[in-house]
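Chain by chain, the residues:
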Amino acid sequence: MSYILGLTGSIGMGKSTTAQFFREAGVPVWDADAAVHRIYAKGGAAVEPISKVCPDATAIGKVDRDALKAWIARDDTALAQLEKIVHPLVAADRADFIAANTAAPLIVLDIPLLFETGSAANMDGVLVVSVDSDEQRRRVLARETMTEEMFASILARQTPDAEKRARADFVIETYDLDSTRADVMKLIDRLTGEHHA
């Protein structure tokens, strides 16, 4: 049995970089955001069911994210309808990934809203990546498309960092790439060593 490690962290905390270090070390990493992209893409599993509840949200055989956002903004029931379609499809994608990688001693599931969706209960352990709020703000606002308002809105939907850290089995601070990579390698050794013992 593989050890299933949930990887999460608020926006700007270095989650994507940390996931990449696991990949470079040969650990299979499933990415929830990438799974959503797959099911929204042309021929993806979400296209037809979404077109039934909101025909405007699909075009040329794929889901139009901007149209989805507009629908969610104007219809209070939209998000619940969308989650009912998307969550089971994403869960199926994740289950397929785990099944395809059962020989691996460690599998990482990169899930931005791990605590928010209740997925933490399905993990053997949870890794939270973190930096202080000043560094987080600096990183996020350095993104060209980001505004203060968008940042505030995203933070409001995410479990506070202090709570994530308190609920985590492991925490890696991502101030510096070399130390983050070293911490990832140590964690891999620890989990694969303990797991085989």
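Our subject is the structure that appears above.
Residues numbered from 1 in each chain as written. Predicted model: local features only at pLDDT ≥ 70, side-chain atom pairs only at ≥ 80, totals over all residues. Heavy atoms only, no water.

Chemist: In this structure, what is going on with the environment of glycine 26? I would like to understand it.
Modeler: Counting through the fold element by element, glycine 26 comes out in the loop between α1 (15-24) and β2 (29-31). In this structure, the C-alpha to C-alpha distance between glycine 26 and leucine 106, residues 80 residues apart in sequence, is 9.6 Å. (Helix = DSSP H or I, 4+ residues; strand = E, 2+ residues; numbered from the N terminus.)

Chemist: Even after reading the chapter, I still don't get unusual backbone geometry, so can you show me in this structure?
Modeler: Trans is the common state for peptide bonds, and a negative phi is the common state for residues other than glycine. Despite not being glycine, isoleucine 60 has its phi angle at roughly 40 degrees, a positive value. With respect to the helices and strands, the residue isoleucine 60 is situated in the loop between β3 (58-59) and β4 (62-63).

Chemist: Any chance you could explain the packing of helix α6 (residues 133-141) against helix α7 (residues 148-157) here in plain terms?
Modeler: When two helices pack together, their arrangement is given by the angle between their axes and by how far apart the axes lie. Two elements in contact, α6 and α7, have axes whose closest approach is 10 Å; the angle formed by their N-to-C orientations is 125 degrees. Accordingly, the angle class assigned to the pair α6 and α7 is oblique. Read as a crossing pair, α6 and α7 show a hand that is right-handed. Along the contact surface, α6 presents Gln136, Arg137, Val140 and Leu141, while α7 presents Glu148, Phe151 and Leu155. (Axes fitted to C-alpha atoms, helices over the stretch in contact; angles between N-to-C directions. Parallel < 35°, antiparallel > 145°, perpendicular 65-115°, else oblique. Left-handed = near helix turned anticlockwise from the far one by under 90°. Contact = heavy atoms within 4.5 Å.)

Chemist: Mind showing me how you'd approach α1 here?
Modeler: Think of an α-helix as 3.6 residues a turn; residues three or four steps apart then line up on the same face. By the burial criterion, the buried members of α1 are Lys15, Thr18, Ala19, Phe21 and Phe22. Axial view of α1: buried residues confined to an arc of 155 degrees, hence all on one face. Residues of α1 that are exposed and angled more than 90 degrees away from the buried face: Ser16 and Glu24. Backbone geometry just after α1 places glycine 26 at a positive phi near 90 degrees. (Buried < 20%, exposed > 50% of the residue type's maximum accessible area, 1.4 Å probe, protein only. Arc of directions from axis to C-beta.)

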